[in-house]
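Listed below are the residues making up each chain.
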There are 2 protein chains.
Amino acid sequence: MIRPMSDVEARALIEAGRIGHLGCVADGTPYVVPVCYLLSDDAIYVHSLGGRKIRALRQDPRACLQVEEIEDDYIWRSAIAFGRFEEITDDADRRWALRRLLARFPQLTPVESVPVHDGQSSVVVFRIHIEKVTGVCEA
Amino acid sequence: MIRPMSDVEARALIEAGRIGHLGCVADGTPYVVPVCYLLSDDAIYVHSLGGRKIRALRQDPRACLQVEEIEDDYIWRSAIAFGRFEEITDDADRRWALRRLLARFPQLTPVESVPVHDGQSSVVVFRIHIEKVTGVCEA
């Protein structure tokens, strides 16, 4: 039976996940990419090279992150967080976020934590401030 | 090394896949859901119960389907098809699409193939006409 998840359940699913699908709107067109992320307080943290999603999010900050956990065709859960993109440019915040992301994803390129404004780093660190979470599951 | 995929590679990845992440724009906000799909000719076929994505796609037909294949953190491929939603309401087309979808996904609820306009079926069958395909991979 498919049923809606409570906010608490949906949030817990996102909190436990590591890879999600980020949705944004690029020039009016939906765009989806897989990302490694972490949830902390009411925000989802991601680090990324520049590219289409970053250009899109700078232009239109509305974003979502969909996360699923599939046991089999009949036992699965999917949650989605909706929110707004904010690029993290403050040095201390950026270092804090990068440290936490790299602790969770040590296999990722160990991007330098140099200040973003010195022009040496092409890595963008951003958060999505969560405004709403929903989810559905079948079990 | 991360590199762009050719159109042919990206399309082959989508053709081989079974589950993708459908992106659409719901009331101006990006929305992402996992879907079972099949690619045939220049369209992606999906069947679904009604709900938010269907309401969104009826309002704004721009859609994308992102598909990935991950071997490990360093060997992965991700492709995305951009296109336009079209609901399939013609009885013969609908039966054809449902037959193919159920042949590919026999585990899915065996939704009836009754005509959509007789009010008995809550299952929506739709295609996304592909306009463009891109992809990136790391290997």
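**A look at the overall build of chain A**
At step 1: Counting its regular elements, chain A contains three helices and eight strands.
At step 2: Helices and strands appear in chain A in the N-to-C order β-α-β-β-β-β-α-β-β-α-β.
At step 3: In chain A, which comprises 139 residues, the share counted as buried stands at 47%.
At step 4: Accessible surface, chain A: about 6800 Å² in total, of which carbon and sulfur atoms supply 52%.

**A closer look at the pattern of salt bridges**
All names here are of chain B.
At step 1: A full pass over the atoms with the stated rule returns 14 salt bridges over all chains.
At step 2: Between Asp-42 and Arg-11 there is a salt bridge whose closest N-O contact spans 2.8 Å. With Asp-42 in the loop between β4 (38-40) and β5 (43-49) and Arg-11 in helix α1 (residues 7-16), this residue pair connects regions lying 31 residues apart in the sequence.
At step 3: Judged by its relative accessible area of 47%, Asp-42 falls in the partly exposed class.

**With respect to the interface of chain B and chain A**
At step 1: Each side of the interface is counted separately: chain B has 23 residues, and chain A has 23 residues.
At step 2: The contact between chain B and chain A buries some 2100 Å² in all, and 66% of this surface belongs to carbon and sulfur atoms.
At step 3: For chain B, the biggest contributors to the area lost against chain A are Pro30(B), Val32(B) and Gln107(B); these three give 27% of the whole.
At step 4: Between the two partners, chain B and chain A, sit zero salt bridges.

**Details of the confidence of the model for chain A**
For residues with low pLDDT, the predicted coordinates do not support detailed interpretation.
Residue and element names in this part refer to chain A.
At step 1: Of the residues in chain A, 90% have a pLDDT of 70 or more, and the chain-wide mean is 89.
At step 2: Mean pLDDT across the elements of chain A ranges from a minimum in strand β1 (residues 2-4), with 91, to a maximum in helix α1 (residues 7-16), with 97.
At step 3: Every residue in residues 110-118 is under pLDDT 50, and counting partners more than four places away or in other chains gives 21 contacts.
At step 4: Scored as a complex, the prediction yields pTM 0.90 and ipTM 0.90.

**Some thoughts on helix α2 (residues 52-59) of chain B**
Residues and elements named next belong to chain B.
At step 1: Taken together, the buried positions of α2 are occupied by Lys-53, Ile-54, Ala-56 and Leu-57. Down the axis of α2, the smallest arc covering the buried residues is 160°, so these residues share one side. Away from its buried face by more than 90 degrees, α2 exposes Arg-55, Arg-58 and Gln-59.
At step 2: Of the surrounding secondary structure, the elements contacted by the buried residues of α2 are β2 (19-26), β3 (29-36), β5, β6 (62-72), β7 (75-87) and β8 (123-138).

**Some details on the packing of aromatic side chains**
At step 1: Counted according to the given criterion, the structure contains six aromatic pairs over all chains.
At step 2: Seen in terms of ring centroids, Tyr31(A) and Phe82(B) are 6.1 Å apart; in terms of plane orientation they differ by 10°. Their pairing is stacked. Of this pair, Tyr31(A) sits in strand β3 (residues 29-36) while Phe82(B) sits in strand β7, which puts the two residues in different chains. Across this residue pair, the class does not change: Tyr31(A) and Phe82(B) are buried.

Scoring rules and cut-offs
- Residues numbered from 1 in each chain as written.
- Chains lettered and ligands numbered in written order.
- Predicted model: local features only at pLDDT ≥ 70, side-chain atom pairs only at ≥ 80, totals over all residues.
- Heavy atoms only, no water.
- Helix = DSSP H or I, 4+ residues; strand = E, 2+ residues; numbered from the N terminus.
- Buried < 20%, exposed > 50% of the residue type's maximum accessible area, 1.4 Å probe, protein only.
- Areas by Shrake-Rupley, 256 points an atom, 1.4 Å probe, with all protein chains shown as cover.
- Salt bridge = Lys/Arg side-chain N within 4 Å of Asp/Glu carboxyl O.
- Contact = heavy atoms within 4.5 Å.
- Buried area = accessible area lost by both parts, 1.4 Å probe.
- pLDDT = per-residue confidence, 0-100.
- Arc of directions from axis to C-beta.
- Phe/Tyr/Trp six-rings, centres within 6.5 Å; stacked < 30°, edge-to-face > 60°.

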